[in-house]
Amino acid sequence: MTAPSDAAAAAGTVATPVGAAKPPVYETRALQVDLGGQRVLGPIDLQIAQGTFAGILGPNGSGKTTFLRALTGGVRPSGGEIFLRERPLREYRAAELARIAGVVPQQFHLDFNFTVEEMVAMGRYAQGAPAADGEAVAAALRATGMTDLAGRLITGLSGGERQRALIAQTLAQQTPVLLLDEPLNNLDLNHQLEIMQLLSRLHGEGRTIAVVLHDLNIAAQYCHELVLLDRGRLAAQGTPNDILDPKTILEVFKVRVAVHRQGPRPYLTPVWSRAPEDTRAVERRVHVIAGGGAASGLLEELVAHGFAPTIGIVSVFDSDYAVAERYELDVVSAPPFEPFPPEVVQEFDSLADEAEVIIVAPVFFGRGNLAPLRTALQACRAGKRVVLLTDPPIMERDLSGGEACALVSELVASGAIEAAGIAQAVEAASATPSQA
Amino acid sequence: MATGHDRRRTYRLVMAALVAALVAAVVTAAVVGAAGMSVGEAFRAFAGLFRGGTDATGNFPDWAPRLLLNLRLPRIVLALVVGAALSTAGASFQGIFRNPLAEPYLLGVSAGAALGATVAIVWKPLTSLGIYTLPLLAFIGAVLAAFLVYRVATIGGYTSAASLLLAGVAVGSTLTAITSFLMVATERDLHTVVVWLMGGLTTATWNKIWITLPVVVAGFIYMMLMSRRMNLLLMGEERARELGIDSRRTRRNLMVVASLTTAAAVSFSGLIGFIGLMVPHIMRLIVGPDHRRLLPATALFGALLLLVADTVARTAMAPAEIPVGIITAATGGPFFLYLLRARRGV
């Protein structure tokens, strides 16, 4: 905090990224915040670029709100420095700040009987342009859909209406920068999307926006950049496509998710995990012989139980392939409509070799895709645990003229475990070797 | 529903009504009293004052103009000034602390003034300083108490409203205990102290007004200049800062000014309760919480209310006087309870 300003200026010239088109709006250098003697944030080095639409994400207690309040000046850093437009934040007067950055705080109390319009007009205090006040207030009311409630008393509003009035108050400031702390609190889905669309529009008009959000999907959908905080530290920063992968989400949020990348923006669905507390299942390597969508349900169930199975051999058009991609599982893939090429079979063999358990999904077998079945038989004879899904029976799935049937009978003879359904298969895969 | 437009109209109506009521109250207060002349005589004498003094027609006793000028008018003006001071200070305290129950009493300011006044009464060597000893010491007591409370409640540069009110109550109780001890220890002056504590405008003089008025007027001007800031402070220090004011400094300055205003009033009038609590409360219900309208309306209504109360105090049991603090408390307390029951929330 007491670093000589010329030293800070020197550091500034060093830290400015080469070739950056515009200087960042905010920059934190080794930012630390202690609250009540506890380190809650930092050290964090971060830049918020001009014109960005940044979502700040992280689990509860990760320091999102503290970070935002540090940017607003609401909490003082206990170490490091924050720069706003390349000038230390602490040098700004409150009125100057209020003309640059509008804030939507998480907590807001006003127990006095102001009308909505009077409350929104308070946002104009520091703008010093009385002639523009009326239009600014009217525009803010319009943008938040509060025009009809302008004459209502604040104390008589619902939680959602209050939240929108608060956002309107901040919009009335007409600042180039907006900092919002969970602005979707208390809002129903309709109004959540309205506010996010409003922010998108404001961003399109050239404003810089940093918003703390809880909902990863809303963040992925609207934000151009995500800042992921974990236990007071910066875990990741980048575009939604870069940041939102199952591994990072599992590390930070301790939740398994599937990432769907069909559209331009990633979409997450949680895996409603029933995995046991210990992580044994995750460490056990399981390989699934899949294809034709026969393994999709099994794969979902395995992931839900904490496995990260490898998959193959499937064609890239296969719906099993899509499932594998959604959960970012390792998959051996082959070109469609032709027998598996030898190098692909080799790749599959090595994965099968590394696996502790091989599960054979109820795939339709023709002459082109028998290779995995042969590998499984060899592995089974060598003592590896192989689980066969038997519904529908192999006779109905044999398009290879009896070869597949023969291989399956040999597998059973060699000690492969037969499972009537997905649940039994998962159970067989989960059992410890001594039980098997 | 109270829209902004309705509120502006209500405000204009209320201000007009208050001004009219004030004029009527001043005239009434001037012509009623225990001086032994009829209301008619007093009214003619009062009207005569505006025409330049005595009247040879004998429509009123020739001592009447002097009585009006030196006794009744100073008392009327002091009532107006003290009433306005207590109520605007109350409105400011309530705004600063976002608490409609804040008022000079709760913040220890009045207890400080009381202790100063008691010291002035019981410690004879001080009396040699003349008639201003008591108000001066009351003033010093009030200001010192306010600063003591503020210092106690400020931890690491931050003053929370809760700790301030708690500190106010604690400091107030301690000072009141000292005052009580002084009263008991010097029984001789017990009556004088008790009468002062009960509050009264009996000893009003123009000199006292010339001391009090500038402080109260300056305080009011400052509060009006800060009225938009006070509105922002109602949303809390952090939100007010986000919208562009230096919340801590604004709060501290307003607190100093409100304390000075209170001290200026209390030092000459003793402890007159409930005006500072009740008047802003009632006005907030009528003209809304915006301080730009609340403060002027509060000043006028506070002035009116104390003048009416004082007029009742000196005429109800004439020629004996009831301390005006008893009147304000006796009517204010029940009325306040009624308000609490009738309208939950502020």
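Caption draft 1: Here's a closer look at the overall build of chain B. Scanning chain B from N- to C-terminus turns up 15 helices and two strands. For chain B, the C-alpha radius of gyration of 21 Å lies close to 20 Å, the compact-globule estimate for 346 residues. C-alpha atoms of chain B, sized along the principal axes, occupy 70 × 55 × 35 Å. A total of 346 residues make up chain B; the buried ones form 50% of that total. Here the contacts in chain B between residues at least 6 apart in sequence split such that 74% fall between residues at least 24 apart.

Caption draft 2: Up close: the overall build of chain A. Within chain A, the regular secondary structure consists of 18 helices and 18 strands. Relative to its length of 436 residues, chain A is extended, with a C-alpha radius of gyration of 29 Å against a globular reference of 22 Å. Dimensions of chain A along its principal axes, counting C-alpha atoms only, are 90 × 55 × 40 Å. Out of the 436 residues belonging to chain A, those deemed buried represent 43%.

Caption draft 3: Here's a closer look at the confidence of the model for chain A. Looking at chain A, the pLDDT average stands at 86 and 91% of residues meet or exceed 70. Here residues 1-20 of chain A is a poorly scored stretch, pLDDT under 50, and it has seven contacts once near neighbours within four places are set aside; other chains count.

Caption draft 4: A look at helix α12 (residues 296-304) of chain A. All names here are of chain A. Along α12, the residues that are buried comprise Leu 298, Leu 299, Leu 302 and Val 303. Each buried residue of α12 sits inside an arc of 130° when the element is viewed along its axis, so together they form one side. Considering only its buried residues, α12 is in contact with β13 (286-289), β14 (310-315), α13 (319-326), β16 (357-360) and α18 (422-430). Following α12 by one or two positions, Gly 306 adopts a phi angle in the positive range, close to 95°.

Caption draft 5: Up close: the interface of chain B and chain A. Listed by partner, the interface residues are 23 residues for chain B and 25 residues for chain A. Looking at the side of chain B that touches chain A, the elements that each hand over two or more residues are α10 (227-233) and α11 (237-242) of chain B. Looking at the side of chain B that touches chain A element by element, the count peaks at four residues for α11(B). Within the side of chain B that touches chain A, the residues separate by chemical class into nine nonpolar, seven polar and seven charged.

Caption draft 6: Layout of helix α14 (residues 291-315) of chain B. For α14(B), with 25 residues, the first-to-last C-alpha span of 35 Å sits near the 36 Å given by 1.5 Å per residue. The buried fraction of α14(B) is high, at 22 of 25 residues.

Caption draft 7: Inspection of the packing of helix α6 (residues 133-153) of chain B against helix α12 (residues 247-269) of chain B at higher detail. Residues and elements named next belong to chain B. Where α6 contacts α12, the axes come no closer than 8 Å and their chain directions differ by 150°. With respect to their mutual orientation, α6 and α12 come out roughly antiparallel. Read as a crossing pair, α6 and α12 show a hand that is right-handed. Note on element contacts: α12 touches α6 through Met 255, Ser 259, Leu 260, Thr 262, Ala 263, Ala 264, Val 266, Ser 267 and Phe 268, opposite Pro 135, Ala 138, Phe 139, Ala 142, Val 143, Ala 146 and Tyr 150. Considered class by class, the residues forming the contact of α6 with α12 number 13 nonpolar, three polar and no charged.

Caption draft 8: Representation of unusual backbone geometry in the model. Residues and elements named next belong to chain A. Along the chain, Asp 391 connects to Pro 392 via a cis peptide bond; the corresponding omega equals -5°. In this structure, Gln 174 takes a positive phi of about 50° despite not being glycine. Relative to the helices and strands, Gln 174 resides in the loop between α6 (159-171) and β7 (177-181). Phi at Asn 186 takes a positive value of approximately 70°, unusual for a residue other than glycine. Among the structural elements, Asn 186 can be located in the loop between β7 and α7 (189-204). Look at Asn 186 and you get partly exposed, because 16 C-beta atoms sit within 10 Å.

Caption draft 9: Representation of the packing of helix α9 (residues 206-225) of chain B against α12(B) within the structure. All names here are of chain B. Direction vectors running N to C along α9 and α12 enclose 155°, while the axes themselves pass 9 Å from each other. Accordingly, the angle class assigned to the pair α9 and α12 is roughly antiparallel. Considering the relative orientation of α9 and α12, their crossing is left-handed. Listed contacts from α12 to Lys 208, Thr 212, Val 215, Val 216, Gly 219, Tyr 222 and Met 223 of α9 are Val 257, Leu 260, Thr 261, Ala 264, Ala 265 and Phe 268.

Caption draft 10: Local environment of the nonpolar core. Judged by nonpolar contacts, the single largest core of 183 residues is most densely connected at A:Ile56, A:Val120, B:Val82, B:Ala142 and B:Leu307. Beyond its immediate stretch of four places on either side in the chain, B:Ala142 contacts B:Val109, B:Gly112, B:Ala113, B:Gly116, B:Ser259, B:Thr262, B:Ala263, B:Val266 and B:Ser267. A:Ala294, A:Tyr321, A:Val331 and A:Leu407 belong to the second-largest nonpolar core, a separate cluster that totals 54 residues.

Caption draft 11: Structural view of the sheet that holds strand β18 (residues 417-419) of chain A. Residues and elements named next belong to chain A. Taking strand neighbours across the sheet as the criterion, the six strands line up as β15-β14-β13-β16-β17-β18 in an open arrangement whose pairing is parallel. Two strands in the sheet have a free side with no partner beyond their single neighbour: β15 (331-334) and β18. Along the sheet, successive strands turn relative to each other by an average axial angle of 20°, direction set aside. Note: β13 against β16, four bridges, orientation parallel. When the bridges of β16 are listed, His 287 appears paired with Ile 358. Packing against the sheet, α13 makes contact with β14 and β15, and its axis sits at approximately 140° to β14. Contacts from helix α15 (residues 371-381) reach β13, β14, β16 and β17 (385-389) within the one sheet, and its direction differs from that of β16 by about 140°.

Caption draft 12: Expanded view of the sheet that holds strand β8 (residues 208-212) of chain A. Residue and element names in this part refer to chain A. Strand order in this open sheet of six strands is β6-β7-β8-β3-β9-β10, and the pairing throughout is mixed. Of all strands in the sheet, those with a lone pairing partner are β6 (101-104) and β10 (233-238), marking the two edges. Direction aside, the axes of adjacent strands within the sheet are offset by 15° on average. Two elements, β7 and β8, share five bridges in a ladder whose sense is parallel. Paired with Leu 178 across the two strands is Ile 209, which belongs to β8.

Calculation notes
Residues numbered from 1 in each chain as written. Chains lettered and ligands numbered in written order. Predicted model: local features only at pLDDT ≥ 70, side-chain atom pairs only at ≥ 80, totals over all residues. Helix = DSSP H or I, 4+ residues; strand = E, 2+ residues; numbered from the N terminus. Rg over C-alpha atoms; globule rule 2.2 N^0.38 Å. Buried ≥ 20, exposed ≤ 12 C-beta atoms within 10 Å, placed from the backbone. Contact = placed C-beta atoms within 7 Å. pLDDT = per-residue confidence, 0-100. Arc of directions from axis to C-beta. Nonpolar A, V, L, I, M, F, W, Y, C, P; charged D, E, K, R; others polar. Expected span 1.5 Å × (residues − 1). Axes fitted to C-alpha atoms, helices over the stretch in contact; angles between N-to-C directions. Parallel < 35°, antiparallel > 145°, perpendicular 65-115°, else oblique. Left-handed = near helix turned anticlockwise from the far one by under 90°. Core = buried A, V, L, I, M, F, W, Y, C linked by C-beta atoms within 7 Å. Pairing = 2+ DSSP bridges.

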